[in-house]
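Okay, here's what each chain looks like letter by letter:
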Amino acid sequence: MKQAGFPLGILLLFWVSYVTDFSLILLIKGAALSGTDTYQSLVNRTFGFPGYLLLSVLQFLYPFIVDPENLLIGRHFIIVLSTVVFTLPLSLYRDIAKLGKISLISTVLTTLILGIVVARVVSLGPHIPKTEDAWIFAKPNAIQAVGVMSFAFICHHNCFLVYSSLEEPTVAKWSHIIHVSTLISVFISILFATCGYLTFTGYTEGDLFENYCRNDDLVTFGRFCYGVTVILTYPIECFVTREVIANVFFGGNLSSVFHIIITVVIITMATLVSLLIDCLGIVLELNGVLCAAPLIFIIPSACYLKLSEEPRTHSDKIMSCVMLPIGAVVMAVGFVMAVTSPQDCSHGQEMFYCSLDNFSLTNISISRFQLTTQLSILNVSIFQ
């Protein structure tokens, strides 16, 4: 919302969700036309080994292109501990269907986080100063916003794994599941984006939780829930990365020993990245434009256009012809913009309005009594 402009951002969210819905169904249609059952085999059958290799690189990279002085409560220690205790054991599963209940827990926690963000737009929003350009229709960084949105909706790299886990996998059943899932996802995304932006407008960080003050106990609970959702969701991403390695180097089959070794290597590499980088915004942008954009916009469209024998006027072909060049633009321009004008990042520092002195500077036009009352509400009543 901050990058695109609030009205345009809402429209772009709907558009990206529609494209996601369409391209996920397009992948399964392409698989049916080519007689394949994985994303890699589909691209290999369509574009040969070069396409297969490119897709493998994109799928492999996707999961990676994501402090107090006391060591025991520092982010590095917590990241390593949670990885060893939770993420690694869950990532060792061989059957993705077993992660279904875990994903359900993650969905419930996401709902709790959403409730916290909605509650804070009412209780905290009126006390945060609004930026002057908060409500203009569009901003020049809209393409960067599309990259972040693409990251939010990307699931193409594991859609075949999910499709094959259905009891009766058919295109019709898959289409129904995708329509419902995408509709729910865009509803949640719009609520998150709208409530977050309404609260902080131009001060919105790439990681929304960075905008809230540290003494907000309710938001601290939300941060904990978010950490748990990441722990529970990452094993699915690891599953895809491991499958890519198995397909490229081991003919699709891994022994028990290599299964453990490769999983440990993947988790270790991803953990090192998370220890070195603390700015979520730039991670979302780069991952969105470099990996999510081609996986959503370009590759499904290219495969379907080459495989389908439908006439050029067919709706699927028209949509594919539109998606492919748009994806190329988002990928190229988005990357340049992400490098030249990245999102702001607080690097763990509290926002200025969390300080009494700084907050008073934003309210010099009101009376001393009003200022005292508002500060009392902000720093005491809201966070109790």
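Residues numbered from 1 in each chain as written. Predicted model: local features only at pLDDT ≥ 70, side-chain atom pairs only at ≥ 80, totals over all residues. Heavy atoms only, no water.

Caption draft 1: Fine view of the overall build of the protein. When you go through the protein residue by residue, the secondary structure sums to 13 helices and 0 strands. For the protein, the N- to C-terminal ordering of α and β elements is α-α-α-α-α-α-α-α-α-α-α-α-α. A total accessible area of about 18,700 Å² is found for the protein, and carbon and sulfur atoms account for 69% of it. (Helix = DSSP H or I, 4+ residues; strand = E, 2+ residues; numbered from the N terminus. Areas by Shrake-Rupley, 256 points an atom, 1.4 Å probe, with all protein chains shown as cover.)

Caption draft 2: Representation of unusual backbone geometry in the model. Within the chain, T201 stands out as a residue other than glycine whose phi angle is a positive 40°. For T201, a relative accessible area of 0% gives the class buried. (Buried < 20%, exposed > 50% of the residue type's maximum accessible area, 1.4 Å probe, protein only.)

Caption draft 3: Main features of the packing of helix α8 (residues 217–249) against helix α9 (residues 256–276). In the contact formed by α8 and α9, the axes pass within 10 Å of each other and the chain directions differ by 120°. As judged from the angle between their axes, α8 and α9 are oblique. Both α8 and α9 take part in a crossing whose hand is right-handed. Counted together, Y234, C238, T241, R242 and I245 of α8 and H259, I262, T263, I266, I267 and A270 of α9 form the full contact between these two elements. A class-by-class count of the residues in the contact of α8 with α9 yields 7 nonpolar, 3 polar and 1 charged. (Axes fitted to C-alpha atoms, helices over the stretch in contact; angles between N-to-C directions. Parallel < 35°, antiparallel > 145°, perpendicular 65-115°, else oblique. Left-handed = near helix turned anticlockwise from the far one by under 90°. Contact = heavy atoms within 4.5 Å. Nonpolar A, V, L, I, M, F, W, Y, C, P; charged D, E, K, R; others polar.)

Caption draft 4: Seen up close, a nonpolar patch on the surface. Together, V248, F249, F250, V257, F258, I261, V265 and M269 give the surface a local cluster of nonpolar side chains, amounting to about 720 Å² of exposed area. The dominant element in the nonpolar patch, judged by the number of residues it contributes, is α9, at 5 residues. Structurally, V257 can be placed in helix α9. On the basis of relative accessibility, which here comes to 53%, the residue V257 falls in the exposed class. (Patch = residues over 30% accessible without salt bridge, like charges linked within 9 Å, V, L, I, M, F, W, Y side chains within 5 Å. Salt bridge = Lys/Arg side-chain N within 4 Å of Asp/Glu carboxyl O.)

Caption draft 5: View of the layout of surface pockets. A volume near 260 Å³ is recorded for the second largest pocket. Lining the second largest pocket are 14 residues, and of these R94, F239, R242, E243 and G252 sit closest to its centre. Among the secondary structure elements, those contributing two or more residues to the lining of the second largest pocket are α6 (159–164) and α8. Ranked by residue count, the leading element in the lining of the second largest pocket is α8, at 5 residues. (1 Å grid on protein atoms, 1.4 Å probe; cavity = no way out; pocket = protein on both sides within 12 Å on 5 of 7 lines; lining within 4 Å. Points joined across faces, edges and corners; volume = space filled by probe spheres on them.)

Caption draft 6: How the structure looks around the nonpolar core. Among the nonpolar cores identified, the biggest contains 50 residues, and Y39, F160, W174 and I299 are the most heavily contacted of them. For this core, the element with the highest residue contribution is helix α1 (residues 6–34), accounting for 14 residues. The contacts of I299, once residues within four sequence positions are left out, are Y39, V43, L55, L58 and P294. (Core = buried A, V, L, I, M, F, W, Y, C linked by side-chain atoms within 4.5 Å.)

Caption draft 7: Representation of the packing of aromatic side chains in the model. Applying the stated criterion across every chain, the model contains 14 aromatic pairs. Look at F200 and Y212: their rings are 5.0 Å apart centre to centre, the planes differ by 80°, and that puts the pair in the edge-to-face class. Pair noted here: F200 is in helix α7 (residues 171–200) and Y212 is in the loop between α7 and α8, with a separation of 12 residues, a long-range link. Centre to centre, the rings of F352 and Y353 are 5.2 Å apart; their planes meet at 70°, and the pair counts as edge-to-face. We classify Y353 as buried; its relative accessible area is 1%. Within the aromatic cluster, the residues linked to one another by ring pairs are F200, Y203, F209, Y212, Y226, F352 and Y353. (Phe/Tyr/Trp six-rings, centres within 6.5 Å; stacked < 30°, edge-to-face > 60°.)

Caption draft 8: Spatial organisation of the pattern of salt bridges. The tally for this structure, following the rule as stated, stands at 3 salt bridges. For K29, the salt bridge goes to D316, with nearest N and O atoms at 3.0 Å. Overall, K29 belongs to the partly exposed group, its relative accessible area being 29%. A relative accessible area of 10% means that D316 is categorised as buried.

Caption draft 9: Highlighting the side chain of S175. By the secondary structure assignment, S175 is in helix α7. A polar side-chain atom of S175 sits 2.8 Å from the main-chain carbonyl oxygen of V171. (Polar contact = N/O pair within 3.5 Å; in protein donor to acceptor, adjacent residues only side chain to side chain.)

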